[in-house]
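# Fold and contact review
This is what each chain is made of:
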Amino acid sequence: PGANQLTVRRNTGGLYRVFTVIAPGKTFSFKGLTITGGLLNGTGIGSGIYLEGIGATITFENCVISNNIAANFGGGMRIASGVTAIISGSTFSGNRSTAAISGSQGTGGAIDNSGTLIITNSTFSGNVVDAGNSNGGAIWSNGPSLCSIAPLPTTVLREPVPPEVSIREGTP
């Protein structure tokens, strides 16, 4: 129905992720949905959405992923190795990775990616990684992953913790 008309959010106390998708070899889509309010501490990753499953393809079209907080990686979204995430016409805002465990580093305020990530026509703003040894206020793409961001009209506004997009050495 549209991201401004359908919202899935954490509405009570406690710590939990909004969506967990484990779909090896499957195709799954989110369309016109707002995902907000996920909160994980300790070793929490991907508080808005956690995607896992070798060969899975998960599409996000015209979605809003906002105001999710993860203690370590991927405040808004965590994409595990072997997953392809395709994001189009979506907004990531106000997501946070806190690196709550002593000695750890927070990565990917909006997205922490170890899979394949394709982004077009989307906006990232106000996403934060707030720890000393942290990377990717908006996006952290790690290891053998592939991260493709269409130059326009995708917008990555200046995130509070530079660099806005961090792609680890050795990433194609």
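Going by the structure above, here's the rest.
In short, a report on the structure. Fair warning: this is a prediction, and the values are worked out from it, not measured in the lab.

### As for the overall build of the protein
- The helix and strand tally for the protein stands at zero helices and 21 strands.
- For the protein, the proportion of its 172 residues judged to be buried stands at 48%.
- Taking contacts inside the protein between residues at least 6 apart in sequence as the whole, the part at least 24 apart equals 80%.
- Of the roughly 7300 Å² of accessible surface on the protein, 53% is carried by carbon and sulfur atoms.

### Things to note about the packing of aromatic side chains
- As enumerated under the stated definition, the model contains four aromatic pairs in all.
- In textbook terms, an aromatic cluster arises when at least three aromatic residues are bridged by ring pairs, as seen for Phe 19, Phe 28, Phe 30 and Phe 60.

### Digging into the environment of Ile 22
- On the secondary structure map, Ile 22 appears in strand S2 (residues 19-22).
- Separated by 28 residues in sequence, Ile 22 and Tyr 50 have C-alpha atoms that sit 8.1 Å apart.

### Focus: the side chain of Ser 122
- Position of Ser 122 relative to the elements: it lies in the loop between strand S15 (116-120) and strand S16 (123-125).
- Classification of Ser 122 as buried rests on a relative accessible area of 1%.
- In this structure the side chain of Ser 122 is engaged in a polar contact, spanning 3.3 Å, whose partner is the backbone nitrogen of Gly 89.
- From its side chain, Ser 122 meets the backbone nitrogen of Ser 90 in a polar contact 3.1 Å long.

### Regarding the nonpolar core
- Judged by nonpolar contacts, the single largest core of 26 residues is most densely connected at Leu 51, Phe 60, Met 77 and Ile 111.
- Looking at this core, the elements that each hand over two or more residues are strand S6 (49-52), strand S7 (57-61), strand S10 (77-79), strand S11 (84-88) and S15.
- Apart from residues lying up to four places away in sequence, Ile 111 is in contact with Gly 74, Met 77, Ile 79, Ile 87, Phe 92, Leu 117, Ile 119, Phe 124, Ala 138, Ile 139 and Trp 140.

### What to know about the environment of Ile 54
- Checked against the element boundaries, Ile 54 lands in the loop between S6 and S7.
- Judged by relative accessible area, Ile 54 falls into the exposed class, the value being 62%.
- Expressed as a C-alpha distance, the spacing of Ile 54 and Lys 26, which sit 28 residues apart in the sequence, is 9.0 Å.

### Quick word on the sheet that holds strand S17 (residues 128-129)
- Across the sheet, four strands lie side by side as S5-S9-S13-S17; this open sheet has parallel pairing. Every other strand in the sheet has two partners, leaving strand S5 (39-40) and S17 as the edge strands with one partner each.
- Across two bridges, the pairing between strand S9 (residues 69-70) and strand S13 (residues 96-97) is parallel. Bridge pairing links Ala 70 to Ser 97 in S13.

Conventions used here
- Residues numbered from 1 in each chain as written.
- Predicted model: local features only at pLDDT ≥ 70, side-chain atom pairs only at ≥ 80, totals over all residues.
- Heavy atoms only, no water.
- Helix = DSSP H or I, 4+ residues; strand = E, 2+ residues; numbered from the N terminus.
- Buried < 20%, exposed > 50% of the residue type's maximum accessible area, 1.4 Å probe, protein only.
- Contact = heavy atoms within 4.5 Å.
- Areas by Shrake-Rupley, 256 points an atom, 1.4 Å probe, with all protein chains shown as cover.
- Phe/Tyr/Trp six-rings, centres within 6.5 Å; stacked < 30°, edge-to-face > 60°.
- Polar contact = N/O pair within 3.5 Å; in protein donor to acceptor, adjacent residues only side chain to side chain.
- Core = buried A, V, L, I, M, F, W, Y, C linked by side-chain atoms within 4.5 Å.
- Pairing = 2+ DSSP bridges.

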